[in-house]
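# Observations on the three-dimensional arrangement
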Amino acid sequence: MPRNPNCNRCPLSLTAKSVCVWSEGGPPAQIMFLGRNPGYDEDAQDRPFVGRSGQLLRNAAHAAGLSDEEIIFTNVVKCLSPENRPPTTEEQLACRPYLEEELVAYSPRFVFAFGAEAIAFWTGKIPKSVLALQGERWEIDGRYVFPMPHPSWVLRQGGPPDRPSLAGREFQAQIQAHLAFIRNLQNGDGGVAPGGRPRVVLCRTMADVCAALDDLERCERVAVDTETRGLWWAPD
């Protein structure tokens, strides 16, 4: 699956040094780390997640027992934005076909969605609070999605390198909890919800709703809460 260094889908191609910074990793990796867009270091090196926040993330993954070979690193938007500002909705939509192509080609079973833009790719709407979603586990399109704050946010919370901040410790703990769930599934144990969290299935079409209702028929007890927490309802 080739990248497109001549991409001109949006104005970011006019200001970025590295146009269309592509994903790193691939099959047989089953885990995708999805971020917002490249920063200054990523733009300079033409690689995803290699700056300070990327190193924090890689270190957290290594500490949890993951190797880089088990991870696909990529972003919602493939180019650095001016002043490293958040990408606009139009820029995210322009890059969406690239990420969709990566998802088809790599078919990751598990996706860590770091930050509001990565979460919005799956829900269709920027969440009001990323931290409120941390620890949840969603089933979307046959994948497990773990919403988490972006490692750049964790860095901004401060703390010396040898003594991580509270946010850093929570970030590490959540990665370890999600990885424990992943390992259980990979070992055929069925998985255990991290921290006792409930199973969450996002239904974006009526077909998804019907499938979820079929699952509910096999449950002994059912509780219903119609709050969407910023998610969107499918038009059909």
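What counts as what
Residues numbered from 1 in each chain as written. Predicted model: local features only at pLDDT ≥ 70, side-chain atom pairs only at ≥ 80, totals over all residues. Heavy atoms only, no water. Helix = DSSP H or I, 4+ residues; strand = E, 2+ residues; numbered from the N terminus. 1 Å grid on protein atoms, 1.4 Å probe; cavity = no way out; pocket = protein on both sides within 12 Å on 5 of 7 lines; lining within 4 Å. Points joined across faces, edges and corners; volume = space filled by probe spheres on them. Nonpolar A, V, L, I, M, F, W, Y, C, P; charged D, E, K, R; others polar. Disulfide = S-S within 2.5 Å. Phe/Tyr/Trp six-rings, centres within 6.5 Å; stacked < 30°, edge-to-face > 60°. Buried < 20%, exposed > 50% of the residue type's maximum accessible area, 1.4 Å probe, protein only. Lys NZ or Arg CZ within 6 Å of the ring centre and 35° of its normal.

### Considering unusual backbone geometry
A cis amide bond links Pro 27 to the next residue, Pro 28, at an omega of 10 degrees. Here Pro 28 shows up in the segment before strand S1 (31–35). Positioned with a positive phi, Asp 46 is a non-glycine residue whose angle comes to about 60 degrees. Counting through the fold element by element, Asp 46 comes out in the loop between helix H1 (40–45) and helix H2 (52–63). Positioned with a positive phi, Glu 83 is a non-glycine residue whose angle comes to about 60 degrees. Structurally, Glu 83 is set in the loop between strand S2 (71–75) and helix H3 (89–106).

### Describing empty space enclosed by the protein
This structure, assessed with the given rule, holds one cavity of 30 Å³ or more. Of the voids in this model, the largest cavity is the one considered here, and its volume is about 40 Å³. Cys 7, Cys 10, Leu 12, Ser 13, Cys 79, Cys 95 and Tyr 98 are the residues that line the largest cavity. Of the residues in the lining of the largest cavity, the class split is six nonpolar, one polar and no charged.

### A few points about the layout of surface pockets
In this approach the atoms are scanned with a rolling probe the size of a water molecule, which exposes any empty space left behind. In this structure, the second largest pocket encloses a volume near 610 Å³. Lining the second largest pocket are 26 residues, and of these Ser 53, Asn 84, His 150, Ser 152 and Arg 156 lie nearest its centre. Secondary-structure elements contributing two or more residues to the lining of the second largest pocket are H1, H2, helix H4 (116–123) and helix H5 (151–156). A total of four residues in the lining of the second largest pocket trace back to one element, the largest contributor, which is H5. Grouping the constituent residues of the lining of the second largest pocket by class yields ten nonpolar, ten polar and six charged.

### Focus: the state of the cysteines
Using the criterion set out here, one finds zero disulfides in the structure. With no disulfide of its own, Cys 7 lies closest to Cys 20 among cysteine sulfurs, the gap being 5.6 Å. Here Cys 79 stays unpaired: no disulfide links it, and the sulfur of Cys 95, its closest cysteine neighbor, is 6.0 Å away.

### Brief notes about the packing of aromatic side chains
Within the structure shown, the criterion is met by twelve aromatic pairs. The interplanar angle of 50 degrees and the centroid separation of 6.0 Å between the aromatic rings of Phe 49 and Phe 73 together place this pair among those described as tilted. Note that Phe 49 is positioned in the loop between H1 and H2 and Phe 73 in strand S2, a separation of 24 residues in sequence. In terms of burial, Phe 49 and Phe 73 fall into one category: buried. Aromatic side chains Phe 121 and Trp 122 sit 5.2 Å apart centroid to centroid with 85 degrees between the ring planes, which places their arrangement in the edge-to-face category. Neither Phe 121 nor Trp 122 differs from the other in exposure class; each is buried. Taking the ring centre of Trp 22 as reference, the NZ or CZ of Lys 78 above it sits at 5.6 Å.

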